[in-house]
Amino acid sequence: QVQLVESGGGLVQAGGSLRLSCAASGRTFSNYHMGWFRQAPGLEREFVARISWSIGSTNYADSVKGRFTISRDNAKNTVYLQMNNLKPEDTAVYYCAAKLTWDTRYNHWGQGTQVTVSS
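Given the structure is predicted, the values throughout are model-derived calculations rather than measurements.

What am I meant to see in the packing of aromatic side chains here?
Aromatic ring pairs: the centre-centre distance and the angle between the two ring planes describe each pair. All told, the structure shown has 7 aromatic pairs when counted by the stated rule. Ring centres of F37 and F47 lie 5.8 Å apart, and the angle between their planes is 75°; this geometry places the pair in the edge-to-face category. Placement of the pair is F37 in strand β4 (residues 32–39) and F47 in strand β5 (residues 46–52), with a sequence separation of 10 residues. Measuring from centroid to centroid gives 5.1 Å for F37 and W109, while their planes differ by 55°, and the two rings are tilted. Taken together, the residues span a long stretch of sequence, with F37 in strand β4 and W109 in strand β10 (residues 108–109) at a distance of 72 residues. Among the aromatic residues, those joined into a ring-pair cluster are F37, F47, Y95, Y106 and W109. The ring of Y95 carries the charged tip of R45 above its face, separated from the ring centre by 4.0 Å.

This is the structure we're talking about:
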C-alpha cells in the first residue's frame, strides 16, 4: 500500500520560508514521479512542482519558479518542497502526490497540509 505522509505546513509572514515534507512508503519509487499540488479556497487545484525519483529532473509552475525548490532524499524516502519568499497568494492546502512515469494522472495522494501566508 502506497502511503504519502505530509508535514511542515503552518502560518508564516509574507517573505518568510517553509519546508514541506512528504514521507513515501509502500514500494520502490524508482519508476515514479512525485509532485506537489495546491488548492486555495474557491479555486481549482493547481500543479506546483514535480521530481523524477530515478533521474532527479524537476519541473515547476511559473508562479513558483525561483522561489520553490523540490528535492528528494533517497535514504529517507522523502520528498521536500522548500518554499522561500512566500506570498499571500501561496496560501492553500498543499498536497503530495505520486504516479508512474508513464501515467497521465497522479493516483496516490497525501492528506494535505495547510500553508497560510499573512500580509
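Read on for the rest.
How do you make sense of unusual backbone geometry when you look at a structure like this?
Outside of glycine, negative phi angles account for most residues, and trans bonds account for most peptide bonds. Phi is positive for N77, close to 50°, though the residue is something other than glycine. The residue N77 is located in the loop between β7 (68–73) and β8 (78–83) in this model. Residue classification places N77 among the partly exposed residues on the basis of a relative accessible area of 34%. With phi around 50°, N85 is a residue other than glycine that occupies positive phi space.

Got a minute to help me understand the sheet that holds strand β1 (residues 3–7) in this structure?
Think of a sheet as strands paired side by side through backbone hydrogen bonds, with each pair either parallel or antiparallel. Spatial ordering of the open sheet is given by β1-β3-β8-β7, a layout of 4 strands whose pairing is antiparallel. The open sheet has two edge strands with one neighbour each: β1 and β7. Neighbour-to-neighbour, the strand axes of this sheet turn through a mean angle of 20°, independent of strand direction. One ladder, built from 6 bridges, connects strand β3 (residues 18–25) with β8; its direction is antiparallel. The residue of β8 that forms the bridge with A23 is T78.

Scoring rules and cut-offs
Residues numbered from 1 in each chain as written. Predicted model: local features only at pLDDT ≥ 70, side-chain atom pairs only at ≥ 80, totals over all residues. Heavy atoms only, no water. Phe/Tyr/Trp six-rings, centres within 6.5 Å; stacked < 30°, edge-to-face > 60°. Helix = DSSP H or I, 4+ residues; strand = E, 2+ residues; numbered from the N terminus. Lys NZ or Arg CZ within 6 Å of the ring centre and 35° of its normal. Buried < 20%, exposed > 50% of the residue type's maximum accessible area, 1.4 Å probe, protein only. Pairing = 2+ DSSP bridges. Axes fitted to C-alpha atoms, helices over the stretch in contact; angles between N-to-C directions.

So far we have only geometry, and geometry alone does not tell us how the molecule works.
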